[in-house]
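Each chain is listed here by its residues.
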Amino acid sequence: MAELIAGVEIPDSALAREATQLVRDTADPLVYDHSRRVFLFGALRGAGQALAFDPELLYIGAMFHDLGLTEAYRTSTRRFELDGAEAARDFLRAHGLTEESARIVWTAIALHTTPEIPTRMEPEVALVTAGVEYDVLGIGYDTVPDEVRAAVVAAHPRPDFKRRILEAFTRGIEHRPQTTFGNVKADVLAHFVPGFERTDFVEVIRDSAWPE
């Protein structure tokens, strides 16, 4: 029988179960519980807006979205979003899903730290970002009834979450500070990594090789 949390059915296909186990084996409880909440809050948003979305694709997008912060996946020097996006795409291809499905999930993960643009894309893309924004930033906090929110948190607790997720962000990106140019993660390094200097977009233009 499929698991039901706050009225949301957790996908119970072989694909979803394997994704769950992969994230359990790879991520710590902080990222695992956060990823499940992202699915739940994203699905609740989708239901509230009467969006037609594929729960399985939303689930894979949510579960893999922060995989690039984990020790096993954070060794690259590219944006951490791409680590998770490409891991998810490879996972879906290996299980015989269509390229279109893999593309949607890749996009959902790659863009989850890019505000506004995901809202103009496929529902699964929009809802991964919505789930992240709800759980991390509290955007739209009062749109979920207290008892529903409590049911989600009872299933996937968030003890000391604000401090711990900021710590996870820092560990996941401090070795690749250049990847924060143009996205919200520059704020994390500015707060927690001594000596970090933002890349200044204006200065990049002024210092480019083009003659004036």
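Before reading further, recall that the structure is shown in the block above.
Residues numbered from 1 in each chain as written. Predicted model: local features only at pLDDT ≥ 70, side-chain atom pairs only at ≥ 80, totals over all residues. Heavy atoms only, no water.

Asker: Got a sec to walk through the side chain of T107? Specific residues and values, please.
Answerer: Within the secondary structure, T107 is located in helix α5 (residues 99-110). Beyond its immediate chain neighbours, meaning those up to four positions away, T107 contacts M121 and V125. (Helix = DSSP H or I, 4+ residues; strand = E, 2+ residues; numbered from the N terminus. Contact = heavy atoms within 4.5 Å.)

Asker: Account for the environment of A126, naming residues and giving values.
Answerer: Within the secondary structure, A126 is located in helix α6 (residues 123-137). Separated by 81 residues in the primary sequence, A126 and R45 have C-alpha atoms spaced 9.8 Å apart. If near-sequence neighbours (up to four positions away) are discounted, A126 is found in contact with P118 and T119.

Asker: I'd like a rundown of the nonpolar core, residues and numbers included.
Answerer: In terms of nonpolar packing, the biggest core is built from 42 residues, with F39, I60 and F64 touching the most fellow members. Listing elements by their share of this core, those giving two or more residues are α1 (14-26), α2 (29-48), α3 (55-64), α4 (80-94), α5, α6 and α7 (146-155). With sequence-adjacent residues up to four places away left out, F64 is seen in contact with A19, L22, G84, A87, A88, F91 and I109. One finds L30, F169, I173 and F196 within the second-largest nonpolar core, a separate group that totals 12 residues. (Core = buried A, V, L, I, M, F, W, Y, C linked by side-chain atoms within 4.5 Å. Buried < 20%, exposed > 50% of the residue type's maximum accessible area, 1.4 Å probe, protein only.)

Asker: Which residues make up unusual backbone geometry, and what values do they have?
Answerer: Of note in this structure, A50 is not a glycine but carries a positive phi near 55 degrees. Inspection of the secondary structure assignment puts A50 in the loop between α2 and α3. A relative accessible area of 70% means that A50 is categorised as exposed. A positive phi angle is found at E116, which is not glycine, with a value near 75 degrees. Turning to its location among the elements, E116 is positioned in the loop between α5 and α6.

Asker: I'd love a proper account of a nonpolar patch on the surface, names of residues and values included.
Answerer: Together, F181, F201, V204 and I205 give the surface a local cluster of nonpolar side chains, amounting to about 380 Å² of exposed area. Inspection of the secondary structure assignment puts F181 in the loop between α8 (161-173) and α9 (185-192). (Patch = residues over 30% accessible without salt bridge, like charges linked within 9 Å, V, L, I, M, F, W, Y side chains within 5 Å. Areas by Shrake-Rupley, 256 points an atom, 1.4 Å probe, with all protein chains shown as cover. Salt bridge = Lys/Arg side-chain N within 4 Å of Asp/Glu carboxyl O.)

Asker: Tell me about the packing of aromatic side chains, and please be specific about residues and values.
Answerer: Taken as a whole and judged by the stated rule, the model has five aromatic pairs. Aromatic side chains F39 and Y59 sit 5.2 Å apart centroid to centroid with 85 degrees between the ring planes, which places their arrangement in the edge-to-face category. Of this pair, F39 sits in helix α2 while Y59 sits in helix α3, and the two are 20 residues apart along the sequence. Look at Y59 and you get buried, because its relative accessible area is 0%. Residues Y134 and Y141 carry aromatic rings whose centres are separated by 6.1 Å and whose planes lie at 10 degrees to one another, so their mutual orientation is stacked. (Phe/Tyr/Trp six-rings, centres within 6.5 Å; stacked < 30°, edge-to-face > 60°.)

Asker: Got a sec to walk through the pattern of salt bridges? Specific residues and values, please.
Answerer: Enumeration according to the criterion identifies 18 salt bridges in this entry. Notably, a salt bridge pairs E86 with R78, separated by 2.7 Å at the nearest N-O pair. Among the ionic pairs, R171 bridges to E167, the shortest N-O distance being 2.9 Å. Highlighted residues: R171 and E167, both in helix α8, separated by four residues, approximately one helical turn. For E167, a relative accessible area of 38% translates into the label partly exposed. Each of R78, D83, E86 and R176 takes part in one network of salt bridges that share partners.

Asker: Break down the packing of α2 against α6 for me, citing the residues and quoting the values.
Answerer: For the pair α2 and α6, the least separation of the axes is 7 Å and the interaxial angle reads 115 degrees. The two elements α2 and α6 meet at a crossing, and its hand is right-handed. Across the interface between the two elements, H34, R37, V38, F41, G42, R45 and G46 from α2 touch L127, V128, A130, G131, V132, Y134, D135 and V136 from α6. In terms of residue class, the contact of α2 with α6 is built from eight nonpolar, four polar and three charged. (Axes fitted to C-alpha atoms, helices over the stretch in contact; angles between N-to-C directions. Left-handed = near helix turned anticlockwise from the far one by under 90°. Nonpolar A, V, L, I, M, F, W, Y, C, P; charged D, E, K, R; others polar.)

Asker: Summarise the side chain of E81; cite the residues concerned and give the values.
Answerer: Within the secondary structure layout, E81 lies in helix α4. What makes E81 buried here is its relative accessible area of 2%. For E81, the side chain forms a polar contact with the side chain of R79, separated by 2.9 Å. Residues contacting E81, with those up to four places away along its chain left out, are I109, A110, H112, T113 and N183. (Polar contact = N/O pair within 3.5 Å; in protein donor to acceptor, adjacent residues only side chain to side chain.)

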